[in-house]
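So you can see what is in the structure, the chains are spelled out below.
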Amino acid sequence: MAYAAFKSIGAYIPPKIMTNADFEKIIDTTDEWIVKRTGIKERRISEENEASSDLGYKAAEVAIKRAGINKEDIDLVICATVTPDYLCMPSTACLIASKLDLPPVQAFDISAACTGFVYALSIAKAFIESGMKKNVLIVGAETYTSILDYTDRGTCFIFGDGAGAAMICATSNKDEAIIDVNCCSDGNYSDLIKTPGGGSLHPCSQEVLDQKMACIKMKGNETFKLAVKTLTSDVQVMMKKHNLINEDINHFIPHQANMRIIKAVGTALKLTEEQTVVTVDRYGNTSAASIPMAMNYAYEQGKIKAGHTILFDAFGSGLTWGSALFPFAGKE
Ligand code: UT7
């Protein structure tokens, strides 16, 4: 049986920075309030003509190079995004494959909001373990600035743009194998975070435009409480299932939504600050790109070494949630 190994990580961080001071100029808020409530100090924003595929393919270039894989050997591209270049088609994954200059390859998008990268990892693992694919490129790419309502002071300051990518490759070495990926959803909570217009329920119309219904609407406080509860229990289940104790985890990489959520989950799980990767202060919430961007940050800081045990923990619209446990099988 083939095992799936997490071979490399890469990211693209758009250079343009939007600070809390910039938000003070456009909504009724303060830097102090945003930092206290979320931990966010700044976030990155893409250029006007840049779409998710532009960010995604740049992150992918880094991940492919670090994995030492020939582009011709990539046999599947999965892009997790809720801010695709085009509303319906073609998929952002097809565009990323084209921008990477890959030969014809299976490519598709998945939609699981902030849990998207973990969902993509679960699919990559299944394809490899089934023997259908050998080298899967997974990308989380978001341009949230394209769906933000800059008059909604409860939501617009949270999100940012960016992309992360990883190569997941077949191996016969069980020590390198991804141990487990668990993904779940509960559509009964679909009202908490949504873009209400522009889809088949409320197709694009003057009302959709006037009411900014294609922009993200979030019930922040209700989401907050569920996020803490779900992120905590998800990890508890994963650790118990694999007989792990806190000290076994080298890097806990949670979805970067809010510093208070990360701290509450870390405290409940008794994980230390040293074990927990935090980038929400510098990148804000980048949805499907948040976990790979955070992992890339820790990697580039020289903190992630080959063989280190990594635990992902994600949560987002759907609701969706998921966790992943694996040894890093890449080079330092
Ligand atoms: O990535 C997917 C998952 N998403 C999340 O996990 C997001 C989770 N939610 C959050 O991060 C937080 O709920 C927010 C940061 C969105 C909001 O923080 P909160 O502590 O839940 O604030 P709140 O919505 O309960 O609002 C508290 C007060 C309100 O004023 P009153 O009614 O108490 O007078 C708001 O009007 O803060 C006010 N407020 C603001 N004040 C200054 C809301 N937004 C702002 C703002 N600046 N930008």
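The preceding data block contains the structure.
Notes on the structure in this doc start here. Source: prediction; values computed, not measured.

Rules used in this analysis
Residue numbers here run from 1 along each chain, matching the order of that chain's written sequence. Reporting of local features is limited, given that this is a predicted model, to residues whose pLDDT is at least 70; pairs of side-chain atoms are given and counted only at 80 or more, and all residues count toward the totals for whole chains, interfaces and linings. Think of the side-chain values as coming from all heavy atoms in the structure, minus any hydrogens and water. Note on definitions: salt bridges are taken to be side-chain nitrogens of Lys or Arg within 4 Å of carboxyl oxygens of Asp or Glu. Helix numbering and strand numbering both begin at the N terminus, where a helix is a DSSP run of H or I of at least 4 residues and a strand a DSSP run of E of at least 2. Throughout, exposure labels follow a simple rule: accessible area from a 1.4 Å probe, protein chains only, divided by the maximum for the residue type, with under 20% read as buried, over 50% as exposed, and the rest as partly exposed. Side-chain atoms within 4.5 Å link the members of a nonpolar core, which is a set of buried Ala, Val, Leu, Ile, Met, Phe, Trp, Tyr and Cys residues. Note on contacts: a residue pair is in contact if any heavy atoms of the two residues lie within 4.5 Å. Consider each residue's heavy atoms; a residue with any of them within 4 Å of a molecule or strand counts as near. For this analysis, a polar contact is any N or O atom pair within 3.5 Å, provided that within protein one partner can donate a hydrogen and the other can accept it, and provided that sequence-adjacent residues contribute only side-chain to side-chain pairs. Every accessible area reported is derived by Shrake-Rupley at a probe size of 1.4 Å, with residue values counting cover from the shown protein chains alone. Each residue receives one of three labels: charged for Asp, Glu, Lys and Arg, nonpolar for Ala, Val, Leu, Ile, Met, Phe, Trp, Tyr, Cys and Pro, and polar for the others, Gly being one of them. A pair of strands counts as paired when DSSP detects no fewer than two bridges linking them. Structural elements are reduced to axes, namely lines fitted to C-alpha atoms, with helices fitted over the stretch in contact, and the angle between N-to-C directions of any two is expressed from 0 to 180 degrees. Should the near helix be turned counterclockwise from the far one by less than a right angle, the crossing is left-handed, whereas a clockwise turn marks it as right-handed. Directions drawn from the helix axis to the C-beta atoms are what define this arc.

In the structure shown here, the tally under the stated rule is 12 salt bridges. A salt bridge links Arg-153 to Asp-28, with the nearest nitrogen and oxygen atoms 3.8 Å apart. Placement of the pair is Arg-153 in the loop between β6 (135–143) and β7 (161–171) and Asp-28 in the loop between α1 (20–24) and α2 (31–38), with a sequence separation of 125 residues. Asp-28 sits in the exposed class, given a relative accessible area of 62%. One salt bridge connects Asp-191 with Lys-194, and the closest N-O pair in it is separated by 2.7 Å.

Glancing now at the nonpolar core. Counting residues in hydrophobic clusters, the biggest one holds 38 residues, and the most contacted among them are Phe-252, Ile-261 and Leu-311. Of all the secondary-structure elements, those providing two or more residues to this core are α7 (220–241), α8 (259–269), β12 (309–316) and β13 (320–327). Other than its neighbours up to four places away in sequence, Phe-252 contacts Val-235, Val-265, Leu-269, Leu-271, Gln-275, Thr-276, Val-277, Leu-311 and Asp-313. Grouped together as the second largest cluster of nonpolar side chains are 37 residues, Ala-112, Ile-178, Val-277 and Ile-304 included.

The next subject is the site of the ligand. Around the ligand sit 22 residues, and of these Thr-29, Arg-37, Asn-221, Asn-258 and Asn-285 come closest. Within the side chain of Thr-29, an N or O atom sits 2.6 Å from a nitrogen atom of the ligand. Contacts to the ligand include His-255, whose side-chain N or O atom sits 2.9 Å from an oxygen atom. Burial of the ligand by the protein chains amounts to 73% of its free accessible area of 950 Å². Elements represented by at least two residues in the shell around the ligand include exactly α2, α7 and α8. Across the shell around the ligand, the residue classes tally to 9 nonpolar, 9 polar and 4 charged.

Attention now moves to the sheet that holds β12. Within the open sheet, the 4 strands sit side by side as β8-β13-β12-β11. Their pairing is mixed. Where the open sheet ends on each side, the last strands, each with one partner, are β8 (180–185) and β11 (251–254). Averaged over all pairs of adjacent strands, the angle between strand axes in this sheet comes to 10°, irrespective of strand direction. As paired strands, β11 and β12 are joined by 4 bridges and run parallel to one another.

With their axes 9 Å apart at the nearest point, α7 and α8 run at an angle of 35° to one another. Considering the relative orientation of α7 and α8, their crossing is right-handed. Between α7, through Phe-224, Ala-227, Val-228, Leu-231, Thr-232, Val-235 and Gln-236, and α8, the contact on the second element is made entirely by Arg-260, Ile-261, Ala-264, Val-265, Ala-268 and Leu-269.

As a further point, take the sheet that holds strand β1 (residues 3–12). Backbone hydrogen bonds hold the strands of a sheet together, and the pairing may be parallel or antiparallel. If you walk across this open sheet you meet the 5 strands as β1-β7-β6-β4-β5, and the pairing is mixed. Two strands bound the open sheet, and with one partner strand each, they are β1 and β5 (106–110). For this sheet, the mean inter-axis angle between neighbouring strands, taken without regard to orientation, is 20°. Across 5 bridges, the pairing between strand β4 (residues 76–80) and β6 is parallel.

At 3.6 residues per turn, the α-helix brings residues three or four places apart onto the same side. Among all positions of α8, only Ile-261, Ile-262, Val-265, Gly-266 and Leu-269 are buried. Take α8 and look down its axis: the buried residues cluster within an arc of 125°, on one side only. Lining the buried residues of α8 we find α7, β11, α9 (280–283) and β12. For α8, the N-terminal capping position is held by Asn-258, with its side-chain oxygen 2.7 Å away from the main-chain nitrogen of Arg-260. Looking one or two residues beyond α8, the residue adopting positive phi is Lys-270, at roughly 55°.

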